[in-house]
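Chains, contacts and geometry: an overview
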Amino acid sequence: MNPMGIHAFVWSAGSTPEDLSRALDHSSALGYSLIEFPRLDPKKFDVPAFAQSLKAVTMGIAVTMGLQPSADISSEDAAVVATGEQVLREAVSVARDLGAQKLGGILFSAHDKYMTMPTARGRQNSIDTLRKVARYGAEAGVTINLEIVNRFESNLLNTTAQGLAFIADIGEPNVYLHLDTFHMNIEEANPADAIRAAGDRLGYFHVGESNRGFLGAGTIDYAPIFDALLDNGYADTITFESFSSAVVDKDLSIITGIWRNTWDDNVALARHAKAFIQDQMDSAARRRRITRTP
Ligand code: MN
């Protein structure tokens, strides 16, 4: 059974000690074993104290982020690329200090709706920068997980095939794909086939519904996806990601277009998601027994 994680923005977009401890308590009480925090700013919260409270609830942590346009490592502007490299190195350091093993998200470009085509030089800048960041991550014990997102949130990597080619060009062993059902539902011809193609390069997995709300209350066909995860032997964390206008983060909610209220009751949402994902995993295992046992 895969460990299950939950995105912190189900609980709150805040980063006060009270916000963080409430998010930890809710997640732990519902049986999640990992919580994902976006863009933890070390100036806004006490990293050592937070690491200690994570230990107290034996909760794993993953850190995810998207680069700002001013820190876009796929830019052709050397100064912007250098800023991005610094931002990514700091994110690796924060992840390490919190005891996280994964840095995920849109680490290869800005998290933005581009109004320009990607360029060969920009792609190469991103590859060269991530190679350095990956080596720094290896020293820190943090893997680099590139989240393949839809066309409205990056112009560089929108499909698993593009991600695999990009990772091959980086050429570092600790760079993986971070796949997400919400994005795959938009861009992949066949999400299950894409997961199989990812093979052992799959490092982190988000389950999000087509409308970002309750799992099962959208158009995603989960059975083939969970069959593919099982076929891949993916044993790592599956994290539930959901956003509603009930919890607003100035940056993330706007760029991901969370204009509507998909839920109010986050406890009911998270409890349902845990049971839903568990059921999908159990059903995939049952299907496999039927197809593989004479
Ligand atoms: Mn995601």
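Described below are features of the structure shown in this document. On a predicted model such as this, the values are computed, not experimentally measured, just so you know. (Residues numbered from 1 in each chain as written. Predicted model: local features only at pLDDT ≥ 70, side-chain atom pairs only at ≥ 80, totals over all residues. Heavy atoms only, no water.)

Despite not being glycine, Thr58 has its phi angle at roughly 45 degrees, a positive value. Relative to the helices and strands, Thr58 resides in the loop between helix 2 (47–56) and strand 3 (60–67). Of note, Arg212 is a non-glycine position whose phi angle comes to about 70 degrees, a positive value. Arg212 sits in the buried class, given a relative accessible area of 4%. (Helix = DSSP H or I, 4+ residues; strand = E, 2+ residues; numbered from the N terminus. Buried < 20%, exposed > 50% of the residue type's maximum accessible area, 1.4 Å probe, protein only.)

Turning next to the packing of aromatic side chains. In this structure the tally under the stated criterion is 4 aromatic pairs. Their ring planes at 70 degrees and their centres at 6.4 Å tell us that Phe108 and Phe166 sit as a pair that is edge-to-face. Of this pair, Phe108 sits in strand 4 (residues 102–110) while Phe166 sits in helix 5 (residues 160–170), placing them 58 residues apart in sequence. The class for Phe108 is buried, based on a relative accessible area of 0%. On the numbers, 6.5 Å between centres and 55 degrees between planes, the contact of Phe205 with Tyr234 is tilted. Residue Phe205 is found in strand 7 (residues 202–207), and its partner Tyr234 is found in the loop between helix 8 (222–232) and strand 8 (238–240); the two are separated by 29 residues along the sequence. The burial state of Phe205 is the same as that of Tyr234; both residues are buried. Across from the ring centre of Tyr136, 5.3 Å away, lies the NZ or CZ of Arg89, which sits over that ring. Lying over the aromatic face of Phe182, Arg212 brings its terminal NZ or CZ to 3.8 Å of the ring centre. (Phe/Tyr/Trp six-rings, centres within 6.5 Å; stacked < 30°, edge-to-face > 60°. Lys NZ or Arg CZ within 6 Å of the ring centre and 35° of its normal.)

What follows deals with the pairing of strand 4. As a general feature of sheets, a regular strand has side chains that alternate between the two faces. A large share of strand 4 lies buried, amounting to 9 of its 9 residues. Inspection of the sheet shows strand 3 paired to strand 4 by 6 bridges, in the parallel sense. Residue pairing in the sheet places Val63 in a bridge with Leu103 of strand 4. Following the chain from strand 3 across helix 3 (residues 78–97) to the adjacent parallel strand 4, one finds a crossover that is right-handed. Where strand 4 and strand 5 (residues 143–147) come together, 2 bridges link them in parallel fashion. Across the sheet, residue Lys102 finds its bridge partner in strand 5, namely Thr143. (Pairing = 2+ DSSP bridges. Right-handed = clockwise from strand over helix to strand, strands pointing away.)

To continue, consider the packing of helix 4 (residues 120–140) against helix 5. Taken N-terminus to C-terminus, the directions of helix 4 and helix 5 make an angle of 60 degrees; their axes are 9 Å apart at the nearest point. When the axes of helix 4 and helix 5 are compared, the pair comes out oblique. The handedness of the crossing between helix 4 and helix 5 comes out as right-handed. Residues Arg123, Ser126, Ile127, Leu130 and Arg131 of helix 4 pack against Ala165, Phe166, Asp169 and Ile170 of helix 5. Split into classes, the residues belonging to the contact of helix 4 with helix 5 amount to 5 nonpolar, 1 polar and 3 charged. (Axes fitted to C-alpha atoms, helices over the stretch in contact; angles between N-to-C directions. Parallel < 35°, antiparallel > 145°, perpendicular 65-115°, else oblique. Left-handed = near helix turned anticlockwise from the far one by under 90°. Contact = heavy atoms within 4.5 Å. Nonpolar A, V, L, I, M, F, W, Y, C, P; charged D, E, K, R; others polar.)

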